Amino acid sequence: MAGAIAAAAAPIETPLLPSATYDTVDATVDFRGLPALRSKHGLWRSACFIIGVEVAERIAYYGVTSNLISYLTGPLGQSTAAAAANVNAWSGAASLLPVLGAVIADSFLGRYRTIVISSIIYILALCLLTLFAMLPPTSSLDGKTITNDLLGFSQSTQSFAIFFSLYLMAFGQSGHKPCVQAFGADQFDGQDPQESKAKSSFFNWWYLGTCLGPLLSVSFINYIQDNLGWALGFGIPCIIMVIALAVFLLGSLTYRYAVKSEDQSAFLRIGRVFAAVVRNWNTKQSTIDVREEAQGFYPSHNSHQLRFLNKALVSPTGSHDKSTECSMSEVEEAKAVLRLFPIWATCLVYAIVFSQSSTFFTKQGLTMERSIGPSFSVPPSSLQSFISLTIVLFIPIYDRIFVPTVRTFTGKPAGITTLQRIGIGMFTSILSMVIAAMVEKKRLLTALEHGLIDMPNVTVPMSVWWLVPQYVLFGIADVFTMVGLQEFFYDQVPTELRSVGLSLYLSVFGTGSLLSSLLVSIIDKTTSGGGQDSWFANNLNRAHLDYFYWFLAGLIAWRAEATEDCLTLLKSLEVA
């Protein structure tokens, strides 16, 4: 500020117009619709509000999901396999629906309005969940269903009400999850060198913030659910979401709002390219080469990836209507979106592994020695806090030590590329599954040695802290893979589709959860035939979760070759 005043007072002064122009951010406005200013809008002053909102939302979300399997197998009386399948199915829907929310945001409402509307739906869902959890648990006696005295709900009706609330919550999250993160990244100008570096750090600190939520949830809310009641345990997340919406609205005056382009919608542009490719499928390559040269795009400068999309550059055979031709920029835009899918498909196995931490890991801990002192017992779901704690501790190390150190060797601004970061995380997840299998094998042997095979309600004399290493490795894997996927899917799509890009990242984990649910169901039916105990038997002392973990480790290793193929295929897209 002092330098600016001195410059203004100098006899020969620099015109004010260039600095005023620099102070505005292209394609963004403030809350009043005026050009956004770097000095007043965006950057960390706005990002801090948005990260705070995400922390609160994650507390609410994990306050429900982290202990949901205990609620389903407890008050709702579901079997372990059925509850795990239901949790995975719900988690999958919660991660897939953001694709719908992102399309609505990018095409119609904009990110800010979508966040506000979806937050209201989210709060309504949590209110309903709290209300239905207040009903006394249903049960059956002599084959007859006993209804609740309060509202006359049968067990099936209460289950329907609970799942209606859960899926309404997933629908509310569909607009909130992709738009909040994209809106936060929008507060940094990727064309400005300094702000571009800050945006890369934003993704690290954003993920740290998202992990503070689970850390608080599993160490506080889960204890309340297990010891003080489910209604209070679900009511607290509802209150927290109300606070989150209030905090988000408080930052409205500081935000940068992206201006929607008046050009044709990116969805229509990309769809037009694919339609033209289908129409021109039989066009000869020589015709396409001539058109490429006419647009000044020579093979020596061209990426040969997905070159079949260049068929959209020409008119249909026999037609002279130039309006049916697509420009090279439109074709490259379509290529950028299509290149996302090999990585999307490759990471599905990681997503299947990721879904185990809130299901079978929790059921394992429930059978083990959890006492601390004479009167306190650790809630098994609270062990998930070690994932969040690892992330919270490791991200500053990664951002402040790992990146600068590696940067001196590679010369890359982020130390390693985004795709290398994803690959390291997937390898770490293999180690997590191997350790999980070995620990589960030890738990089964301990139960056998103490004659507890047919005594599932008796605690196995093996400390629950044996599970900590697999949770810690999960956390390290997340720092690499999760953050890498977020940055990759944000950067590799057109500006107008960045909410959709992040929703595709979320859909990896949604599809992974659904695949995990399907996999559990198939293995459960396959391994329970012939009077044998399923790998997921309700009596975990007769189950074989260790086989399942070895299977997952092998599945990831099998997909490693596909990952290497994707890294080679997408080398030109590597993000610093």
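Quick caveat, the model's predicted, so the values are computed rather than measured. (Residues numbered from 1 in each chain as written. Predicted model: local features only at pLDDT ≥ 70, side-chain atom pairs only at ≥ 80, totals over all residues. Heavy atoms only, no water.)

### What to know about the overall build of the chain
Next, step 1: Counting secondary structure elements, the chain contains 21 helices and nine strands.
Next, step 2: In the chain, the proportion of contacts linking residues at least 24 apart, taken out of those at least 6 apart, comes to 78%. (Helix = DSSP H or I, 4+ residues; strand = E, 2+ residues; numbered from the N terminus. Contact = heavy atoms within 4.5 Å.)

### Points about the side chain of Arg-421
Next, step 1: Locating Arg-421 in the fold gives a position in helix α18 (residues 418–449).
Next, step 2: Despite being buried, Arg-421 has no salt bridge partner; Glu-487 is the closest side chain of opposite charge, sitting 4.6 Å away.
Next, step 3: Apart from residues no more than four positions distant in its own chain, Arg-421 is found in contact with Asn-204, Tyr-398, Ile-416, Val-479, Phe-480, Thr-481, Val-483 and Gly-484. (Buried < 20%, exposed > 50% of the residue type's maximum accessible area, 1.4 Å probe, protein only. Lys, Arg positive; Asp, Glu negative; His and termini not counted. Salt bridge = Lys/Arg side-chain N within 4 Å of Asp/Glu carboxyl O.)

### Topic: the pairing of strand β1 (residues 24–29)
Next, step 1: Strand direction decides the pairing type here: β1 and strand β2 (residues 35–37), joined by two bridges, are antiparallel. Its bridge partner being in β2, Val-29 is matched across the sheet by Pro-35.
Next, step 2: Once β1 ends, the chain turns through five residues before running back antiparallel as β2, passing Gly-33 with a positive phi of about 90°.
Next, step 3: Summarising the sheet, β1 and strand β5 (residues 257–258) pair through two bridges and their orientation is antiparallel. Counterpart to Thr-28 in the pairing with β5 is Ala-258. (Pairing = 2+ DSSP bridges.)

### Things to note about the packing of aromatic side chains
Next, step 1: Counted by the stated rule, this structure contains 33 aromatic pairs.
Next, step 2: Arranged with centres 6.4 Å apart and planes meeting at 70°, the rings of Phe-31 and Tyr-112 form a pair that is edge-to-face. Taken as a pair, Phe-31 in the loop between β1 and β2 and Tyr-112 in helix α7 (residues 111–133) lie far apart in primary sequence, 81 residues in all.
Next, step 3: We classify Phe-31 as partly exposed; its relative accessible area is 46%.
Next, step 4: The exposure class assigned to Tyr-112 is buried, which follows from its relative accessible area of 18%. (Phe/Tyr/Trp six-rings, centres within 6.5 Å; stacked < 30°, edge-to-face > 60°.)

### Some details on a nonpolar patch on the surface
Next, step 1: Nonpolar side chains collect at one region of the surface, where Leu-100, Ile-104, Phe-108, Leu-109, Ile-117 and Phe-171 lie side by side and expose about 540 Å² of accessible area between them.
Next, step 2: By residue number, the principal contributor to the nonpolar patch is helix α6 (residues 98–109), which donates four residues.
Next, step 3: Looking at where Ile-104 falls in the secondary structure, it is placed in helix α6. (Patch = residues over 30% accessible without salt bridge, like charges linked within 9 Å, V, L, I, M, F, W, Y side chains within 5 Å. Areas by Shrake-Rupley, 256 points an atom, 1.4 Å probe, with all protein chains shown as cover.)

### Topic: the pattern of salt bridges
Next, step 1: All chains considered together, the criterion is met by seven salt bridges.
Next, step 2: With a closest N to O distance of 2.2 Å, Asp-186 and Arg-111 form a salt bridge. Within this pair, whereas Asp-186 is found in the loop between α8 (155–185) and α9 (193–227), its partner Arg-111 is found in helix α7, the two being separated by 75 residues in sequence.
Next, step 3: Arg-111 gets classed as buried once you look at its relative accessible area, which sits at 10%.
Next, step 4: For Arg-542, the salt bridge identified is with Asp-454, shortest N-O distance 2.6 Å. Of this pair, Arg-542 sits in the loop between α20 (498–527) and α21 (545–569) while Asp-454 sits in the loop between α18 and β9 (460–463); the two residues are 88 residues apart in sequence, bridging distant segments of the chain.
Next, step 5: The exposure class of Arg-542 is partly exposed, given its relative accessible area of 35%.
Next, step 6: Each member of the salt-bridge network shares a partner with another, and the members are Glu-54, Glu-57, Arg-58 and Lys-177.

### Remarks on the environment of Leu-131
Next, step 1: With respect to the helices and strands, the residue Leu-131 is situated in helix α7.
Next, step 2: Linking Leu-131 and Ala-231, residues 100 residues apart in sequence, is a C-alpha distance of 7.1 Å.

### Considerations on helix α17 (residues 385–410)
An α-helical turn contains 3.6 residues, so any two residues separated by three or four positions project in the same direction.
Next, step 1: Where α17 bends most, at Tyr-398, the angle is about 45°.
Next, step 2: Buried residues of α17: Ser-385, Ile-387, Ser-388, Thr-390, Ile-391, Val-392, Ile-395, Tyr-398, Asp-399, Val-403 and Val-406, and no others.
Next, step 3: Of the residues trailing α17, Gly-411 is marked for its positive phi of about 75°. (Bend = angle between axes of the 7 residues up to and from the residue.)

### Side note on helix α19 (residues 468–491)
Next, step 1: A rise of 1.5 Å per residue sets the reference length of α19, with its 24 residues, at 34 Å; its end C-alpha atoms lie 34 Å apart and thus fit the reference within 8%.
Next, step 2: Residue Asp-478 marks the point of greatest curvature in α19, where the axis turns by about 35°.
Next, step 3: Burial of α19 is extensive: 20 of the 24 residues sit out of reach of the surface. (Expected span 1.5 Å × (residues − 1).)

### What about the sheet that holds β5?
Next, step 1: Pairing in this open sheet of three strands is antiparallel, and the strands run β2-β1-β5 from one edge to the other. The open sheet has two edge strands with one neighbour each: β2 and β5.

### Considering the environment of Ala-276
Next, step 1: Position of Ala-276 among the secondary structure elements: in helix α11 (residues 266–279).
Next, step 2: As a C-alpha pair, Ala-276 and Ser-315 span 39 residues in sequence and 8.3 Å in three-dimensional space.
Next, step 3: With residues near it in sequence (within four places) discarded, Ala-276 still touches Ala-312 and Cys-326.

### Some remarks on the environment of Arg-32
Next, step 1: Residue position: Arg-32 is located in the loop between β1 and β2.
Next, step 2: With a relative accessible area of 65%, Arg-32 lands in the exposed category.
Next, step 3: Taking C-alpha positions, Arg-32 is 8.5 Å from Leu-253, a pair spaced 221 residues apart along the chain.

### Let's talk about the nonpolar core
Next, step 1: Counting residues in each nonpolar core, the largest one holds 151 residues, and the members touching the most others are Met-433, Phe-489, Phe-548 and Tyr-549.
Next, step 2: Element by element, the count of residues in this core is highest for α8, at 12 residues.
Next, step 3: Setting aside residues up to four positions removed in sequence, Phe-489 forms contacts with Leu-340, Ile-343, Trp-344, Gly-501, Leu-502, Leu-504 and Tyr-505. (Core = buried A, V, L, I, M, F, W, Y, C linked by side-chain atoms within 4.5 Å.)

### Observations regarding the confidence of the model for the chain
Next, step 1: Put simply, the chain has an average pLDDT of 77, and 82% of its residues get 70 or more.
Next, step 2: At the level of individual helices and strands, the chain shows its lowest average pLDDT in helix α1 (residues 2–9), which scores 40, and its highest in α7, which scores 90.
Next, step 3: Low pLDDT (under 50) marks residues 1–20, which in the prediction has two contacts with non-local residues, meaning those over four places away or in another chain. (pLDDT = per-residue confidence, 0-100.)

### Things to note about the packing of helix α3 (residues 43–65) against helix α5 (residues 80–96)
Next, step 1: In contact at an axis separation of 12 Å, α3 and α5 are set at 155° when each is read in the N-to-C sense. Of the possible angle classes, the one that applies to α3 and α5 is roughly antiparallel. For the pair formed by α3 and α5, the contact residues are Tyr-61, Val-64 and Thr-65 on the first element and Trp-90, Ser-91 and Ala-94 on the second.
Next, step 2: For the contact of α3 with α5, the per-class residue count stands at four nonpolar, two polar and no charged. (Axes fitted to C-alpha atoms, helices over the stretch in contact; angles between N-to-C directions. Parallel < 35°, antiparallel > 145°, perpendicular 65-115°, else oblique. Nonpolar A, V, L, I, M, F, W, Y, C, P; charged D, E, K, R; others polar.)

### A word on the side chain of Gln-225
Next, step 1: When you line up the elements, Gln-225 lands in helix α9.
Next, step 2: Polar contacts involving the side chain of Gln-225 include one to the main-chain carbonyl oxygen of Gly-63, which spans 2.6 Å.
Next, step 3: In terms of polar contacts, Gln-225 uses its side chain to reach the backbone carbonyl oxygen of Gly-233, at 3.4 Å. (Polar contact = N/O pair within 3.5 Å; in protein donor to acceptor, adjacent residues only side chain to side chain.)

### Concerning the packing of α18 against α19
Next, step 1: Where α18 contacts α19, the axes come no closer than 8 Å and their chain directions differ by 155°. In terms of axis orientation, α18 runs roughly antiparallel to α19. Relative to α19, the crossing made by α18 is left-handed.
Next, step 2: Tallied by class, the residues present in the contact of α18 with α19 amount to 19 nonpolar, eight polar and one charged. (Left-handed = near helix turned anticlockwise from the far one by under 90°.)

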